[in-house]
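Report on the structure
Read off the chains here:
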Amino acid sequence: MTTTVSQDILPTGQSLDGARAEGERTYALDRAHVFHSWSAQEQISPMTILASEGSYVWDGTGNRLLDFSSQLVNTNVGHQHPKVVAAIQEQAAKLCTIAPQYANDARSEAARLIAERTPGDLNKVFFTNGGADANEHAVRMARLHTGRYKVLSRYRSYHGGTDTAINLTGDPRRWPNDYGNSGVVHFHGPFLYRSQFHAENEQQETERALEHLDQLIRLEGPNSIAAIVLESVPGTAGIMVPSPGYMAGVREICDRYGIVFIADEVMSGFGRTGKWFAIDHFDVVPDLITFAKGVNSGYVPLGGVAISEKIAATFANRPYPGGLTYSGHPLATAAAVATINAMEDERIVENASRIGAEILGPGLRGLADRHPSIGEVRGLGVFWAIELVADRATKEPLAPYGASSPAMNEVIAACRAGGLLPFANFNRIHAVPPCTVTEAEAREGLAILDTVLDIADAHRAS
Ligand SMILES: Cc1ncc(COP(=O)(O)O)c(C=O)c1O
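The notes below deal with the structure included here. (Residues numbered from 1 in each chain as written. Predicted model: local features only at pLDDT ≥ 70, side-chain atom pairs only at ≥ 80, totals over all residues. Heavy atoms only, no water.)

Structural notes on the sheet that holds strand 3 (residues 64-67)
The strands making up a sheet are joined through hydrogen bonds of the backbone, oriented either antiparallel or parallel. In spatial order, the strands read 1-2-3-14; together these four strands make up an open sheet with mixed pairing. Two strands close off the open sheet at either side, each with one partner strand: strand 1 (49-53) and strand 14 (420-421). Note: strand 1 against strand 2 (residues 56-59), four bridges, orientation antiparallel. Its bridge partner being in strand 2, Ser 52 is matched across the sheet by Val 57. Strands strand 2, strand 3 and strand 14 of the sheet are contacted by helix 13 (residues 439-458), whose axis makes an angle of about 105 degrees with strand 3. (Pairing = 2+ DSSP bridges. Helix = DSSP H or I, 4+ residues; strand = E, 2+ residues; numbered from the N terminus. Contact = heavy atoms within 4.5 Å. Axes fitted to C-alpha atoms, helices over the stretch in contact; angles between N-to-C directions.)

Concerning the nonpolar core
If you look at the biggest cluster of nonpolar residues, it comprises 105 residues, and the most contacted ones within it are Ile 228 and Leu 388. No other element matches the nine residues that helix 11 (residues 348-370) contributes to this core. Counting residues in hydrophobic clusters, the runner-up holds 22 residues, among them Ala 134, Ala 142, Leu 168 and Ile 307. (Core = buried A, V, L, I, M, F, W, Y, C linked by side-chain atoms within 4.5 Å. Buried < 20%, exposed > 50% of the residue type's maximum accessible area, 1.4 Å probe, protein only.)

Quick word on empty space enclosed by the protein
A complete count under the given rule lists three cavities of 30 Å³ or more for this structure. Taken as a whole, the largest cavity spans an internal volume of roughly 60 Å³. Forming the walls of the largest cavity are Arg 154, Tyr 155, Arg 156, His 188, Gly 189, Phe 191, Arg 194, Ser 195, Gln 196 and Glu 205. Considering only residue class, the lining of the largest cavity consists of two nonpolar, four polar and four charged. (1 Å grid on protein atoms, 1.4 Å probe; cavity = no way out; pocket = protein on both sides within 12 Å on 5 of 7 lines; lining within 4 Å. Points joined across faces, edges and corners; volume = space filled by probe spheres on them. Nonpolar A, V, L, I, M, F, W, Y, C, P; charged D, E, K, R; others polar.)

Regarding the site of the ligand
All residues adjacent to the ligand are Gly 130, Gly 131, Ala 132, Asn 135, Tyr 158, His 159, Gly 160, Glu 231, Asp 264, Val 266, Met 267 and Lys 293. A distance of 2.8 Å separates an oxygen atom of the ligand from a polar atom in the backbone of Ala 132. Relative to its free-state accessible area of 390 Å², the ligand is covered by the protein chains to the extent of 80%. Ranked by residue count, the leading element in the shell around the ligand is helix 5 (residues 131-146), at three residues. Here the residues of the shell around the ligand sort into four nonpolar, five polar and three charged. (Near = heavy atom within 4 Å. Polar contact = N/O pair within 3.5 Å; in protein donor to acceptor, adjacent residues only side chain to side chain. Areas by Shrake-Rupley, 256 points an atom, 1.4 Å probe, with all protein chains shown as cover.)

Some words on the side chain of His 371
You can see His 371 is positioned in the loop between helix 11 and strand 11 (374-380). The contacts of His 371, once residues within four sequence positions are left out, are Arg 392, Asp 450, Leu 453, Asp 454 and Asp 457.

Let's talk about the pattern of salt bridges
Counted according to the given criterion, the structure contains 24 salt bridges. Here Arg 251 ties to Asp 255 by a salt bridge, and the two come within 2.9 Å at their closest N and O atoms. Linking Arg 251 with Asp 255, this pair stays in helix 8 (residues 246-257), spanning four residues, or about one helical turn. Classification of Asp 255 by relative accessible area gives exposed; the value is 51%. In this structure, the salt-bridge partner of Arg 370 is Asp 450, at a minimum N-O distance of 3.2 Å. One end of the pair, Arg 370, is in helix 11; the other, Asp 450, is in helix 13, and 80 residues separate them in sequence. Overall, Asp 450 belongs to the partly exposed group, its relative accessible area being 22%. (Salt bridge = Lys/Arg side-chain N within 4 Å of Asp/Glu carboxyl O.)

Thoughts on the sheet that holds strand 4 (residues 122-128)
In spatial order, the strands read 4-10-9-8-7-5-6; together these seven strands make up an open sheet with mixed pairing. The two strands at the open ends of the sheet, each matched to only one other strand, are strand 4 and strand 6 (184-187). Between one strand and the next, the sheet's axes are offset by a mean angle of 20 degrees, whatever the strand orientation. Where strand 5 (residues 150-154) lies against strand 7 (residues 225-231), four bridges are found, and the strand directions are parallel. Paired with Val 151 across the two strands is Ala 227, which belongs to strand 7. Those strands touched by helix 4 (residues 105-117) are strand 4 and strand 9 (288-291), and its axis lies near 130 degrees from that of strand 4.

As for the environment of Val 305
Within the secondary structure layout, Val 305 lies in strand 10 (residues 303-308). With relative accessibility at 0%, the residue Val 305 sits in the buried group. Between the C-alpha atoms of Val 305 and Met 141, which are 164 residues apart in sequence, the distance is 9.7 Å. When residues no more than four places from it in sequence are discounted, the contact partners of Val 305 are Lys 124, Val 125, Phe 126, Ala 134, His 137, Ala 138, Met 141, Leu 288, Ile 289, Thr 290 and Phe 291.

Laid out in structure tokens, this is it:
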């Protein structure tokens, strides 16, 4: 395995020697003072990043890595997009911050650009600081709108780290945060590869998953349920594109019982799937869409809730009981305006769609032909997962649900040594580069994965 050749000068113009020395200090201070998310603090050794540009980052020793993670799947326009950087700089010179009760041009324009792209009549935007609080507020709106409390969400999902959001979440990160009093009930969504419904095809999976949801609602009491929260395409949990008809079926169920449909597009929105929103693939209009990440590529923290006319009307003459000091922060919303305009002008959503259809999809399926450790390949746009298994027949995962394994750790380490930064979760590697990724870069990532997957193959059960 060859390590990517270092360059003497970083994209910042800084010499590598100087940057490395700075990187060592950064790492030492990190270990001394920074408390990291989701981690046993003594057991981690965070990679230092010296610089980033486009689809690449440079690690603490100056190695260039192809960012097939888009960090936490947020740098949709790539790293350091010059138009977004310039917009933040211009906004900083003009108006760094202003309290949320005042109208400001960056927030007004960002709201217009978002409302124009969301489906149906989702014409109002409440800005938050990120995705978790977007979900918190969407649930709060749904509860006040319906006068009901209970919320349904699926297993195999992630909705954020704050109190309601982590309880919506259907992955093991919820377990230590779940005191059984959140008012959230979980159900199984469609996932044919590991079907809970013994389905043999997508149609059966859709029908049975909808029947399961309908039955759960009838047993829980339809009049007690405020909302169903679903990622339009679940991201961290495995990029399981819903089987045809499922999202439309959920819409129908919500209408039947007067339940608010919240689509979480925090990871899947803003071009990731090759459309502005993943829900656009299913021709469905939810009542609320939550977003963050790709809205401004994460250059400045931003999230929000896009709100339908009906739900907005609930708060027309009754105060909405929620707010944030930084709701629609000028630097964050200026970054959103520049990001959305760049995506439009540079046809970045179209690029994501084309790269998925022509390069990543066929390329990953080609890897599955060569590597028996790949159990399934699935995705859309620049949003792909490969599921690694010890045995294709039994589908035994290469790491257990909720855990890692020596085999997966080896695969991830080999990716990095080969010059690729992957997004990994349990037994999966996700190929989620920026929406701006070029054909050559996508092929470079596939080639590295091809080499690395020999390691996964060697770990199969004999
Ligand atoms: C689908 C989804 N919802 C919500 C969140 C939480 O967003 P944040 O980390 O900005 O709070 C995430 C983060 O990964 C996500 O993927």
